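Here is how the chains run, residue by residue.
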Amino acid sequence: MQPLRFIKVFSIGAFFTIISAFTPAPQPGAVMFKIHLPYAKAGLTRQQAAAHLLNRFSFGATPGELDAVVSMGLENWLQEQLQASLPDEELNKRMANGYDALAMSNAQIVNTYVRPDQALQIGVARKLIRRDSIMVAANTAEYRMIVRTLMDSASLKPVIELHRQLINQKVLCAAYSNNQLKEVLTDFWFNHFNVSLTKNQSQQFVLTYERDAIRPNVLGRFSNLLEATAKHPAMLEYLDNASSVSNDNSVANPRLKAQKKNEGLNENYAREIMELHTMGVDGGYTQKDVTEVARALTGWTLYPNSEYGAGSAQRKMLERVGLNTLQQRGFVIQGDFLYRADKHDQGEKNILGHVFPAGGGYEEGMRVIELLSIHPATAAFICKKLATRFVSDTPSVDLVRKMTAVFMKSKGDIRQVLIAMVEQVDFWKPALTHEKIKSPFELVISAIRATHADVQDPFQVFNWCARMGQRFYYYQAPTGFPDNAAFWINTGSLLNRMNFGLAFATQKIPGIRMNWAQLNNNHEPESVEQALTVFSNILLPERNQEQNIKRLLPLVKDVRIGAKIAAAADKAPPPVKDETNMAEDRPLKKQERKALAKNSRKPLQMPYTAGINSPVAQVAGIIIGSPEFQRK
Amino acid sequence: MTNRRAFMKSGAMALFATGLGGGLPAFVARAAQSQKFLQPYKKSKVLVCIFQRGAMDGLMAVSPYADPALKAARPGLYMSPAATEGQLFDLDGRFGLHPALDGLYPYFSEKRMAIVHGVGSPNNTRSHFDAQDYMESGTPFSKSTSSGWLNRAIGLMGHDATPFRAVSVTNALPRSFYGQEESLAISNLQDFAIQMRGNPMAAGLAAKSFEELYDQTSSSILNRTGKESFEAIKMLNLNSIRNYKAADGVVYPASPLGNALKQIAILIKMNVGLELAFAESGGWDTHFNQGTANGAFARNLKDFGDSIAAFWKDLGAYQDDVTLMTMTEFGRTVKQNGTGGTDHGRGSCLFVLGNDVQGGTVYNKVSSLAKEELEDGRDLPVSTDFRSVFSSVAGTHLMINNNRALFPGWDGTPLLLMKA
């Protein structure tokens with residue numbers, strides 16, 4: 001149980017409600033940037049450069065996308081991605097049903113998607129059940145029955161359903177959004193400002209955290225990201241700032257000070273905002289700075305939204321006090337963020353050599369955020385991290401220095417920093433292309449995109465990523481997942497990458513389907529050897545295929561033999577539909593009847609592509625599990 | 001690094017030697033011809049850690065029954081050696097072992113199992129998440145420690161990397177294993193293979209293709225890890241896992257913990273280079289009706305004790321190489337709450353089992369449970385830092401003597417509970 005965080009006895013009671021209204025950051029205007037991409041100077045052809053750009057700035061090319069980027073111009077494609085305002089019809093269609101939480105406020109979510117123990121609290125609060133009727137041990141059948149009945153009658157839903165929506169929307173956005181860079185950066189910045197579903201207190205807020213604090217800000221100013229994450233309930237709970245308080249101020253009721261001896265300063269967030277979010281561990285701050293930042297952020301907490309537990313009591317008290325009185329006393333309410341003047345340390349602080357005079361209140365924390373967001377150590381730390389993600393596990397000092405200069409000059413404009421990165425020859429060095437290893441998530445999404453796969457059950461992606469070592473949204477430490485090959489590649493995860501390739505291509509993953517024949521415009525390859533060439537080029541455009549093909553060639557003949565056996569074992573191979581011919585229901589013409597009779601003697605019309613165990617599916621599975629496909 | 005492959009060969013050789021292998025793999029035969037070695041792989045010491053997630057009520061598992069304050073604080077949960085009060089195993093006239101731990105009691109009597117009481121973290125958080133995080137990172141006041149203490153232990157041992165050096169039998173890598181040293185999280189050893197459901201022949205062909213492709217790739221990490229993966233598959237011998245028979249008379253509970261420990265036993269017996277193993281046990285967050293000699297807590301504790309006992313018996317001759325240590329993030333309130341359970345507290349207890357343990361003792365600095373002696377007036381104080389136990393076990397059993405590196409920022413002394 002969390003300690004009761006709020007005990008207020010201001011007696012003036014004007015009732016008010018606060019609607020947490022999240023408005024996404026305003027869409028950037030159509031500012032175009034002059035961009036010059038020096039790939040030719042680095043020795044890449046236009047095609048190779050486009051492939052590299054798609055590898056790093058998207059979750060992988062879809063069929064034909066490479067040619068499209070080449071013909072529209074790499075610079076123009078990049079412009080579009082930096083604007084991130086392309087329409088997303090397919091994505092919207094796929095998310096039309098089953099994603100109600102994406103339109104909910106935090107208040108709605110915490111009172112709808114609940115853990116079993118919260119459901120019971122709500123049941124008691126709404127007088128649906130009696131307190132003594134829930135005194136059964138958790139995880140027993142009886143307990144589960146009580147919870148289930150209660151949830152049904154109170155229109156509550158299990159919090160795991162909220163997690164499902166969160167996970168699935170990430171998969172669908174990454175796979176189907178046209179604004180790929182925005183999704184890549186959402187992944188990057190979420191990981192940078194990591195919060196985790198493993199922590200009970202923050203788990204209900206992770207969905208809105210990504211939606212409201214991360215995604216709208218990924219291409220804006222770094223300070224916006226920092227502020228939005230600092231004030232979001234997910235981060236406030238995850239790194240404990242919500243409970244970091246001081247009673248050393250003139251606002252608090254003196255009678256309460258003595259009672260709250262368990263309360264106090266908590267430095268977790270203050271340390272991580274410097275060490276992990278801004279300046280980096282070698283950024284030059286001291287333990288004293290950490291403590292001072294923690295003091296400056298005391299009273300930064302979340303507006304209590306729940307109608308149960310401690311939050312309920314707190315909210316009622318805030319409502320009794322009334323908005324006007326709170327504001328007069330220096331409280332600040334912004335959406336779900338609450339600054340409690342009565343829990344703020346009013347004393348003077350000294351942070352990184354800057355004096356913060358006593359009585360700075362809420363603005364003091366804002367000044368800390370601004371100070372940290374444009375500090376030179378922050379610029380260097382963030383630019384190195386971006387370069388590590390987009391260029392190489394060990395980016396060149398020169399590249400990072402040039403990006404850092406632009407970060408400083410533009411006061412942390414993320415777009416300008418990315419442009420500075422791609423304008424360096426270092427971004428395009430042939431030796432660095434394909435040197436980054438895909439994360440499991442990147443691997444799966446790139447396979448989906450490369451094959452135009454139809455993902456009906458996005459949660460399967462999560463299951464596979466977990467097996468490959470990336471249980472996204474569940475990474476426990478505030479560091480986020482490390483971004484380097486050594487972290488992702490070990491014997492267990494590598495075997496699962498190979499198994500993923502096979503399961504994916506042979507359609508063994510429920511709810512994820514692709515049509516190999518359609519990918520090759522319904523042309524049946526003339527031989528299994530040709531199939532190998534064709535599908536290698538579809539899956540790995542602009543790579544040196546010669547070696548891959550040479551090595552796989554002797555094997556595909558074996559695969560063909562294996563496939564014949566397997567095809568016989570396939571009890572019901574899904575038919576390869578050519579939908580253009582299926583629409584009409586009319587008597588068959590003589591020719592057609594003949595063709596049908598011929599085909600019925602030959603059940604597999606496409607001996608290389610048809611059937612879930614076809615040679616093409618197996619070869620494609622091997623390509624997806626191969627070393628080349630692990631690289632981006 | 002240079003010995004990596006040599007290990008592989010000798011490891012597989014040992015597998016053959018112990019009779020678990022179905023036949024001598026070709027690559028082992030080749031290696032045997034070309035190498036001087038004929039000795040089986042030198043057996044390494046193994047540390048097995050079990051994390052009891054949810055905070056076990058140490059005051060009920062190992063109850064300071066003789067303290068009248070306990071009986072007063074939890075009238076509905078009090079147990080003692082008396083037949084009418086739960087029939088605890090009396091350990092020393094002061095502490096009693098819960099009857100559900102009957103599987104472990106003999107090891108305490110034989111002085112092979114030690115109990116440490118009042119153990120926990122100096123950080124007084126009562127959040128499961130934070131406390132587990134601190135215990136697993138081994139740095140109770142720093143969240144940003146990127147590595148887990150067991151990962152650092154792997155590095156400090158400095159032995160060759162093998163795929164099975166550090167294995168967590170869990171779905172995801174535990175925080176304890178985070179870090180730069182290679183480790184493996186696998187919930188079922190049988191998954192350690194190239195798989196194509198219902199099509200073993202195609203799976204075989206795919207494996208051959210993959211092996212070749214990874215052998216040729218220009219990416220050194222993919223090349224190296226690919227080789228290791230395929231050698232590991234060959235070492236693991238899935239048939240013997242599938243047909244594994246535990247030692248005579250040993251029955252593992254059909255529970256997640258029982259299953260995990262069984263897989264750890266298999267890895268130990270296969271001599272595949274296992275040095276650190278990790279398993280989890282859940283269901284300890286007993287806020288409601290935890291029961292006494294029977295009930296939710298007793299059931300869970302029975303599974304816990306029986307799983308460990310089965311594992312230990314199954315190890316047989318390997319017992320000399322293995323130490324098993326349990327841990328939990330904190331204990332529970334001395335006073336029972338309003339719903340027949342207990343809330344989040346501070347100190348709890350843990351168990352250390354092994355032939356190099358000075359057992360038969362409840363190591364503790366636990367004082368009276370009178371209210372004025374309790375932390376914040378409610379909880380058993382943490383009188384033994386978890387790091388003093390972990391460092392002692394790692395020091396004696398794994399020969400890790402750099403406690404500053406194992407637990408950065410800690411300058412305490414190890415608790416002497418191991419045989420010198």
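Calculation rules
Counting restarts for each chain, with residues numbered from 1 along the sequence as it is written. Here chains are named by letter from A upward and ligands by number from 1 upward, in the order in which they appear as written. Side-chain atom pairs in this predicted model are given and counted only at pLDDT of 80 or more, local residue features only at pLDDT of at least 70, and totals for whole chains, interfaces and linings cover all residues. Numbering of helices and strands runs from the N terminus; a helix is a DSSP stretch of H or I covering at least four residues, while a strand is a stretch of E covering at least two. Comment: burial labels come from other C-beta atoms within 10 Å of the residue's own C-beta, placed from the backbone, where a count of 20 or more is buried, 12 or fewer is exposed, and between is partly exposed. Contacts are defined on C-beta atoms placed from the backbone: any two residues whose C-beta positions lie within 7 Å are in contact. Strands pair, by our definition, only if DSSP identifies at least two bridges between them. The predictor attaches a confidence to each residue, called pLDDT, with possible values from 0 through 100. Classification used: nonpolar for Ala, Val, Leu, Ile, Met, Phe, Trp, Tyr, Cys and Pro, charged for Asp, Glu, Lys and Arg, polar for all others including Gly. For a helix, the expected span equals 1.5 Å multiplied by the residue count minus one. Angles shown run from 0 to 180 degrees and are taken between the N-to-C directions of axes, each axis being a line fitted to C-alpha atoms and, for helices, limited to the stretch in contact.

Caption draft 1: Summary view of the overall build of chain A. A count of helices and strands for chain A gives 33 helices and 9 strands. When each of the 632 residues of chain A is scored for burial, the buried share is 51%. Residue pairs at least 24 apart in sequence account for 78% of intrachain contacts in chain A once pairs closer than 6 positions are excluded.

Caption draft 2: Summary view of the sheet that holds strand β4 (residues 96-97) of chain B. Residue and element names in this part refer to chain B. One open sheet holds the 3 strands; their spatial order is β2-β4-β3, and the pairing between them is antiparallel. Each edge of the sheet is formed by a strand with only one pairing partner; in this case those strands are β2 (62-63) and β3 (89-90). Judged from the 2 bridges that link them, β3 and β4 form a sheet pairing that is antiparallel. Across the sheet, residue Asp 90 finds its bridge partner in β4, namely Gly 96.

Caption draft 3: Layout of the confidence of the model for chain A. Residues and elements named next belong to chain A. Taken residue by residue, chain A gives an average pLDDT of 86. The fraction at 70 or more is 84%. This model gives residues 571-586 a pLDDT under 50, and the stretch forms 11 contacts once residues within four places in sequence are excluded. A low-confidence stretch, residues 599-604 stays under pLDDT 50, and its non-local contacts, those more than four residues away or across chains, total 4 contacts.

Caption draft 4: Main features of the interface of chain B and chain A. Of the residues lining the interface, 53 residues belong to chain B; the matching set on chain A comes to 55 residues. Mapped by element, the contributors of at least two residues to the side of chain B that touches chain A are α6 (128-137), β7 (184-185), α8 (200-216) and α9 (220-236) of chain B. For the side of chain B that touches chain A, the element with the most residues is α8(B), which contributes 11 residues. When grouped by side-chain class, the residues that make up the side of chain B that touches chain A number 23 nonpolar, 20 polar and 10 charged.

Caption draft 5: Seen up close, the pairing of strand β5 (residues 113-120) of chain B. Residue and element names in this part refer to chain B. Counting buried positions along β5 yields 8 of 8 residues, so the element is predominantly enclosed. Both β5 and strand β12 (residues 384-385) contribute to a ladder of 2 bridges, which runs parallel. Note on β12: the bridge partner recorded for Gly 120 is Asp 385.

Caption draft 6: Quick peek at helix α10 (residues 180-192) of chain A. Residues and elements named next belong to chain A. Its 13 residues place the ends of α10 18 Å apart at the C-alpha level, agreeing with the 18 Å of an ideal helix rising 1.5 Å per residue. Those residues of α10 lying buried are Gln 180, Leu 181, Lys 182, Glu 183, Val 184, Leu 185, Thr 186, Asp 187, Trp 189, Phe 190 and His 192. Next to the buried residues of α10 lie α2 (46-57), α4 (74-83), α9 (159-176), α12 (206-214), α13 (222-231) and α21 (376-390).

Caption draft 7: Focus on the confidence of the model for chain B. Taken residue by residue, chain B gives an average pLDDT of 88. The fraction at 70 or more is 90%. Considering only residues more than four positions removed or in separate chains, one finds that residues 1-41 of chain B, a stretch of pLDDT under 50, has 58 contacts.

Caption draft 8: Structural detail: the environment of A:Glu227. All names here are of chain A. By secondary structure assignment, the location of Glu 227 is in helix α13. When the 19 C-beta atoms within 10 Å are taken as the criterion, Glu 227 is described as partly exposed. Note: C-alpha distance between Glu 227 and Gln 630 (403 residues apart in sequence) is 35 Å.

Caption draft 9: Local environment of the sheet that holds strand β3 (residues 300-302) of chain A. Residues and elements named next belong to chain A. Strand order across the open sheet formed by 3 strands is β3-β5-β4, with antiparallel pairing between neighbours. Since the sheet does not close on itself, it has two edges, and those belong to β3 and β4 (332-334), each with one partner. Between one strand axis and the next, the sheet turns through 25° on average, direction left out of account. Where β4 and strand β5 (residues 337-339) come together, 3 bridges link them in antiparallel fashion. Among the inter-strand pairings, Val 332 is bridged to a residue of β5, identified as Tyr 339.

Caption draft 10: Helix α25 (residues 459-467) of chain A, seen in detail. What α25(A) keeps buried is the set A:Val461, A:Phe462, A:Trp464, A:Cys465 and A:Arg467. Of the residues trailing α25(A), A:Gly469 is marked for its positive phi of about 100°.

Caption draft 11: Expanded view of the environment of A:Asn537. Residue position: A:Asn537 is located in helix α29 (residues 528-539). Residue class for A:Asn537 comes out partly exposed when judged on the 14 C-beta atoms lying within 10 Å of it.

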